[in-house]
Amino acid sequence: MTAIEVQGLTKLYGRTEALRGIDLAVPEGCLFGLLGPNGAGKTTLIKALVGALRPSGGSVRVLGLDPLRQRRQLRQQIGYMPQSPALYEDLSARGNIAFFGGAHMSHGLDKRVEEVLELTDLTGRADDPVHTLSGGMKNRVSLAAALVHSPRVLFLDEPTAGVDPHLRARFWELFRRLTSEGTTVLISTHLMDEAMLCDRLAILLQGKVIADAPPRQLVEHGRAHLRVREQGRTHEVLIGGTPEDLAEALRPYGLRPSVEAVSVSPASLEEVILSLWQEVAQ
Ligand SMILES: Nc1ncnc2c1ncn2[C@@H]1O[C@H](COP(=O)(O)OP(=O)(O)OP(=O)(O)O)[C@@H](O)[C@H]1O
């Protein structure tokens, strides 16, 4: 089943076109990444998906529901971690998580709160008021609050901002585990190494999806570094990713006996994305 379906989605803020006709289909159980530079439209898209803003045009369905018209029904089934934690600063971490969980569930809430405190490594600070926590810890409370009612779809807007590398790795293990159990996770990020961990990646630029594929496929269809060693000197060029591009690039060498070694290595995801951005920006 498709968990998230978006067709022709547009959003205008005054004269700013934040989204310019987005089409997306995210299958259930997918770890789906949204990657794009500042202002690409990632947060606007996520807000439209959780029913936090009214689109200017197009349609959105999450679990078959309209996020605005069927908001109440949908809220039970989705979790949303906004970019800036929206927490009650005077309540403890545990109090916040119980508050958000209580809006959706009552049975087994106490046990579940302890479980998510553990998952986000907050047990030691569970009773401290949120205003005494660091930025990274507040992010963890916000993630725990989004997770507590075991939603079927989880929307995470840059969840690892301000989180240290060790905990970041644990978060990704958690996201992976959730998707293996059938949860759909849509996550926005700036970080290429995180993007590589997604099952599928949509690259946003100026309110448009400029690529949508598994990250490995993006890399394979991207450019490659060709290195040719001839008489002790190595020439390196960036070539296209198809076999024809490789043949073309090798033609001038004609496999002379002086060619001692040839190697091809795919460009990194970062290079592929930068070249996509440049192509679209031109
Ligand atoms: N409330 C608003 N009013 C006016 N313009 C807005 C508003 N929110 C976003 N925008 C504009 O819409 C565009 C998309 O912004 P958005 O926050 O969705 O991008 P983003 O990809 O999430 O960026 P970042 O990575 O910096 O969070 C930007 O040009 C931004 O300035």
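Just above sits the structure.
Definitions and limits used
Along each chain, residues carry numbers from 1 onward, in the same order as the chain's sequence is written. Predicted model: local features are reported for residues with pLDDT of at least 70 only, side-chain atom pairs are reported and counted for 80 or more only, and whole-chain, interface and lining totals are derived from all residues. Processing note: side-chain calculations cover all non-hydrogen atoms of the structure and skip hydrogens and water entirely. Only protein chains enter the accessibility calculation, which uses a 1.4 Å probe; a residue is then buried when its area is under 20% of its type maximum, exposed when over 50%, and partly exposed in between. Secondary structure is summarised from DSSP: a helix means a run of H or I of at least four residues, a strand means a run of E of at least two, and numbering begins at the N terminus for each. Here the arc refers to the directions that run from the helix axis out to each C-beta atom. The contact criterion used is simple: two residues touch if any of their non-hydrogen atoms lie within 4.5 Å. In this text, near means that some heavy atom of the residue lies within 4 Å of the molecule or strand in question. As used in this structure description, the phrase polar contact means that two N or O atoms lie within 3.5 Å; if the pair is within protein, one of them must be able to donate a hydrogen and the other to accept it, and residues adjacent in sequence are counted only when both atoms belong to side chains. The accessible surface values rely on the Shrake-Rupley method and a 1.4 Å probe; as for residues, cover is taken only from the protein chains in view. Here the term charged refers only to Asp, Glu, Lys and Arg, the term nonpolar to Ala, Val, Leu, Ile, Met, Phe, Trp, Tyr, Cys and Pro, and the term polar to all other amino acids, Gly among them. Positive residues here are Lys and Arg, negative ones are Asp and Glu, while His and the chain termini are left out of the count. Salt bridge criterion: a side-chain nitrogen from Lys or Arg within 4 Å of a carboxyl oxygen from Asp or Glu. Here the term cavity refers to a set of points on a 1 Å grid, laid over the protein atoms alone, in which a 1.4 Å probe fits but cannot get out; the term pocket refers to an open set having protein on both sides within 12 Å along at least five of seven lines, with lining residues being those that place an atom within 4 Å of a point. Grid points are joined across faces, edges and corners, and a volume is the space filled by probe spheres set on the points. Two strands form a pair only when DSSP identifies at least two bridges running between them. The axes are straight lines fitted to the C-alpha atoms, using for helices just the contacting stretch, and the angles between their N-to-C directions are given from 0 to 180°.

Comments concerning helix α3 (residues 93–102)
- Buried within α3 we find A93, N96, I97 and G101. With its buried residues spanning 130° around the axis, α3 presents them on a single face.
- Looking at the buried positions of α3, the neighbouring elements they touch are α4 (109–119) and α5 (135–147).

Considering the site of the ligand
- Residues in contact with the ligand amount to 14 residues; listed here are only the nearest, N38, G39, K42, T43 and T44.
- Between an oxygen atom of the ligand and a main-chain N or O atom of G39, the distance comes to 2.8 Å.
- A distance of 2.8 Å separates an oxygen atom of the ligand from a polar side-chain atom of T43.
- Contact with the protein chains covers 61% of the free accessible surface of the ligand, which is 630 Å².
- Secondary-structure elements contributing two or more residues to the shell around the ligand are β2 (16–27) and α1 (42–49).
- Here the shell around the ligand takes three residues from α1, the largest share from any one element.
- Here the shell around the ligand is built from residues that sort into four nonpolar, eight polar and two charged.

Let's talk about the side chain of E158
- Counting through the fold element by element, E158 comes out in the loop between β6 (153–157) and α6 (165–180).
- K42 provides the closest opposite charge to the buried, salt-bridge-free E158, at an N-O distance of 4.6 Å.

Focus: the layout of surface pockets
- Here the largest pocket defines a volume of roughly 450 Å³.
- R75, G79, Y80, F100 and H104 are, among the 16 residues lining the largest pocket, the residues nearest its centre.
- Taken together, the elements giving at least two residues each to the lining of the largest pocket come down to β5 (78–81) and α5.
- For the second largest pocket, the lining is made up of 13 residues, of which R54, P55, G58, D66 and L68 are closest to its centre.
- Considered class by class, the residues forming the lining of the second largest pocket number six nonpolar, three polar and four charged.

Re the sheet that holds strand β12 (residues 259–266)
- Across the sheet, three strands lie side by side as β11-β10-β12; this open sheet has antiparallel pairing. In this open sheet, the two strands that pair with only one neighbour each are β11 (233–239) and β12. Across the sheet, the axes of successive neighbouring strands diverge by a mean angle of 15°, strand direction being ignored.

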